[in-house]
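In case you want the letters, here they are:
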Amino acid sequence: WTAAVLTYTTDRYGSTNGEQILLRASDFGFTAQSLVVATLPPSFSALPDRDLDTLEQQILRKILTSRLRVVIHVSLLEDSESFFRMVKRGGMLGPGWLYLGADAWANWATGDKLRDLESGAAGFSRVDLLGTLLVVADESQTPVTERFQKRYQELYNTTEMEPFIFAGYDCVRAIGMAVIELLTQTALDPAELGTATLESGVQEQLADAAMSLEFEGAGGFVQFAKPGSANAGDRVPRYSILNWVKADGGPTWIQKA
């Protein structure tokens, strides 16, 4: 596809990702002009019913008049569920519809959220999603994930964990591994790392060391785009294609990474 509807919330999470998609549209095969943009207020799922109905009509009209069936949606979990209730009521789920989403969608395919879809507790069910393709950022579980989660919960005496915690840990770990690699491969004095200037080239060496890393992180496999690529320095994304299909025992969730 070369055109899509881009919907995102204007909170920090939605705006940061939505604006990056617009800024780097060509990296994703789009142009800024080929993206039809519709923004939603922060935490719109908590709006009074009347205001939410008005917003729903505006968003559905924007999608319908675009004549596009590829929709990119970026918001946190609660708002993404509210968004899908909107498009369900608008008849915008099923064969021919493709939704691309951020990592906030990833746990739909696992655990409690999967059970919510099976029971319809989320406001839509797997039956509603039959034939709809969802493309979401993959948050695959690794042995490191399990160890990190257990240690974190023990250390802070909590069972609540924001998804950003895993990425934050991987970020700090990547910096530490890059520093060790740089010190191992060069004669650089560790003290110079704290006083390095742009002219010294240490930052560039450190960035090169980081981009060469590959490791199993708390948030999944970590690998960075190599220098020379359009998204050099970014973490290489991994996606899952999710689809409910008909089967003898009822709708079945098909996932392909």
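Residues numbered from 1 in each chain as written. Predicted model: local features only at pLDDT ≥ 70, side-chain atom pairs only at ≥ 80, totals over all residues. Heavy atoms only, no water.

Now for the overall build of the protein. Helix and strand counts for the protein stand at eight helices and nine strands. In the protein, buried positions account for 37% of the 257 residues. Contacts in the protein between residues at least 24 apart in sequence constitute 65% of all its contacts with a sequence separation of at least 6. A total accessible area of about 14500 Å² is found for the protein, and carbon and sulfur atoms account for 54% of it. (Helix = DSSP H or I, 4+ residues; strand = E, 2+ residues; numbered from the N terminus. Buried < 20%, exposed > 50% of the residue type's maximum accessible area, 1.4 Å probe, protein only. Contact = heavy atoms within 4.5 Å. Areas by Shrake-Rupley, 256 points an atom, 1.4 Å probe, with all protein chains shown as cover.)

With that settled, the discussion passes to helix α5 (residues 143-156). In this model, α5 (14 residues) spans 20 Å end to end at C-alpha, consistent with the 20 Å of a helix rising 1.5 Å per residue. Within α5, burial applies to V144, T145, F148 and Y152. In a view along the axis of α5, the buried residues occupy a sector of 95 degrees, so they form one face of it. Opposite its buried face, α5 presents the exposed residues P143, E146, R147, K150 and E154, each directed more than 90 degrees away. Elements in contact with the buried residues of α5: α6 (164-185), β6 (214-217) and β7 (220-223). (Expected span 1.5 Å × (residues − 1). Arc of directions from axis to C-beta.)

Turning our attention to the pattern of salt bridges. By the definition in use, this model includes one salt bridge. Note that R89 and E56 form a salt bridge whose closest N and O atoms lie 2.6 Å from each other. Highlighted residues: R89 in helix α3 (residues 77-89) and E56 in helix α2 (residues 49-66), separated in sequence by 33 residues. For R89, a relative accessible area of 52% translates into the label exposed. Given a relative accessible area of 9%, E56 falls into the buried group. (Salt bridge = Lys/Arg side-chain N within 4 Å of Asp/Glu carboxyl O.)

Let's shift gears to the packing of α2 against α3. Closest axis-to-axis distance for the α2/α3 pair is 10 Å, and the angle between their directions is 65 degrees. With respect to α3, the axis of α2 lies roughly perpendicular. The way α2 lies across α3 gives a crossing that is right-handed. Along the contact surface, α2 presents L52, L55, E56, I59, L60 and I63, while α3 presents S82, F83, M86, V87 and R89. (Axes fitted to C-alpha atoms, helices over the stretch in contact; angles between N-to-C directions. Parallel < 35°, antiparallel > 145°, perpendicular 65-115°, else oblique. Left-handed = near helix turned anticlockwise from the far one by under 90°.)

Here we come to the environment of I180. Mapping I180 onto the fold places it in helix α6. Put simply, I180 and A209 are 29 residues apart on the chain and 9.2 Å apart in space, counted from C-alpha to C-alpha.

Quick look at the packing of aromatic side chains now. Within this structure, the stated rule accounts for eight aromatic pairs. On the basis of an interplanar angle of 75 degrees and a centroid distance of 6.3 Å, the ring pair of F83 and Y99 is categorised as edge-to-face. In this pair, F83 sits in helix α3 while Y99 sits in strand β4 (residues 98-101), placing the two residues 16 residues apart along the sequence. Assessed through its relative accessible area of 0%, F83 is described here as buried. Of the residues examined, Y99 reaches a relative accessible area of 0% and is grouped as buried. (Phe/Tyr/Trp six-rings, centres within 6.5 Å; stacked < 30°, edge-to-face > 60°.)

Next up on the list: the nonpolar core. Counting residues in each nonpolar core, the largest one holds 25 residues, and the members touching the most others are I63, F83, F84, V87 and Y99. Listed by contribution, the elements that provide at least two residues to this core are β2 (35-40), α2, α3, β5 (133-137) and β8 (239-245). It is α2 that provides the largest number of residues to this core, a total of five residues. Not counting residues within four places of it along the chain, the set of residues in contact with I63 comprises V5, L68, V71, F83, V87, M92 and W97. Judged by nonpolar contacts, the second largest core, of 15 residues, contains F30, L35, L100 and V135. (Core = buried A, V, L, I, M, F, W, Y, C linked by side-chain atoms within 4.5 Å.)

Turning next to the packing of α6 against helix α8 (residues 202-211). Packing of α6 against α8 leaves a shortest axis separation of 8 Å and a crossing angle of 115 degrees. By the angle class used here, α6 and α8 are roughly perpendicular. Both α6 and α8 take part in a crossing whose hand is right-handed. Across from A178, V179, E181 and L182 in α6, the residues of α8 making contact are V202, Q205, L206, A209 and A210. A per-class count over the contact of α6 with α8 returns seven nonpolar, one polar and one charged. (Nonpolar A, V, L, I, M, F, W, Y, C, P; charged D, E, K, R; others polar.)

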